[in-house]
Amino acid sequence: MLHLGYESCLADPDVWMRKSQKDDGTEYWEYMLLYTDDCLSVSHLPRAALDDLGKYFTLKPGSIGPPKIYLGGKVSEMILPNGEKAWAFSASQYVQEAV
């Protein structure tokens, strides 16, 4: 991950981050969450970040797309009251499978 410009988070070594820039020049942090065989990209351009990762690691064919499940939890997109898009994480699926 270091060769892709990411640095590991001190609080959680499975979270990798790097500075990035949107087309309009706005700077932000891009995150790659990696745990065993699960990967989640939090980025303005997540596909490009995953394509970079795919140059060095084998990604399961057909696995790149909007997240549905990460580490057993359900991931869903929602619209906030101010109209902004956000992602929500729910352990409901994990709990149902555990019971």
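Let me sum up the structure you'll find in this document. Everything numeric here is computed off the predicted structure, so don't read it as measured data.

Scoring rules and cut-offs
Position labels on residues start from 1 in each chain and follow its written sequence. For this predicted model, a pLDDT threshold of at least 70 governs which residues receive local features, and a threshold of 80 or more governs which side-chain atom pairs are given and counted, while totals over whole chains, interfaces and linings are taken from all residues. Working from all heavy atoms in the structure, the side-chain values ignore hydrogens and water. Here, any two strands with at least 2 DSSP bridges between them count as paired. By the criteria applied, helices consist of DSSP H or I runs no shorter than four residues and strands consist of E runs no shorter than two, each listed in order from the N terminus. Here, nonpolar core refers to any group of buried Ala, Val, Leu, Ile, Met, Phe, Trp, Tyr and Cys residues whose side-chain atoms link them within 4.5 Å. Accessible area is worked out with a 1.4 Å probe on protein chains only. A residue is then buried under 20% of its type maximum, exposed over 50%, and partly exposed in between. By definition, residues are in contact when any of their heavy atoms lie within 4.5 Å. One side-chain nitrogen of Lys or Arg within 4 Å of one carboxyl oxygen of Asp or Glu is enough to make a salt bridge.

**Some details on the sheet that holds strand β3 (residues 27–35)**
Point 1. Here 4 strands make up an open sheet; going across it, the order is β1-β2-β3-β4 and the pairing antiparallel. This sheet does not close on itself; its edge strands, each paired only once, are β1 (7–8) and β4 (38–42).
Point 2. In terms of strand pairing, β1 meets strand β2 (residues 15–21) through 2 bridges, oriented antiparallel. Across the sheet, Ser8 pairs through a bridge with Trp16, a residue of β2.

**Describing the nonpolar core**
Point 1. Counting 8 residues, the largest nonpolar core is built from Met1, Leu4, Tyr6, Trp16, Met32, Ala49, Leu50 and Leu53.
Point 2. The greatest single-element share of this core, amounting to 3 residues, is contributed by helix α1 (residues 46–54).
Point 3. Among all residues touching Tyr6, those that are not within four sequence positions of it are Met1, Trp16, Met17, Arg18, Glu30, Met32 and Ala49.

**Regarding the pattern of salt bridges**
Point 1. Tallied over the full model, the rule gives 5 salt bridges.
Point 2. The residue Arg18 makes a salt bridge to Glu30 at a minimum N-O spacing of 2.5 Å. Here Glu30 lies in strand β3 and Arg18 lies in strand β2, a separation of 12 residues in the sequence. Side by side, Arg18 and Glu30 carry an identical accessibility label, which is buried.

**Concerning the pairing of strand β6 (residues 73–79)**
Point 1. Here strand β5 (residues 69–70) pairs with β6 via 2 bridges, running antiparallel. Across the sheet, Tyr70 pairs through a bridge with Gly73, a residue of β6.
Point 2. Between the antiparallel neighbours β5 and β6 lie 2 residues, among them Leu71 with a positive phi of about 50°.
Point 3. Two elements, β6 and strand β7 (residues 85–90), share 6 bridges in a ladder whose sense is antiparallel. Residue Ser76 lies in a different strand from β7, and its bridge partner there is Ala88.

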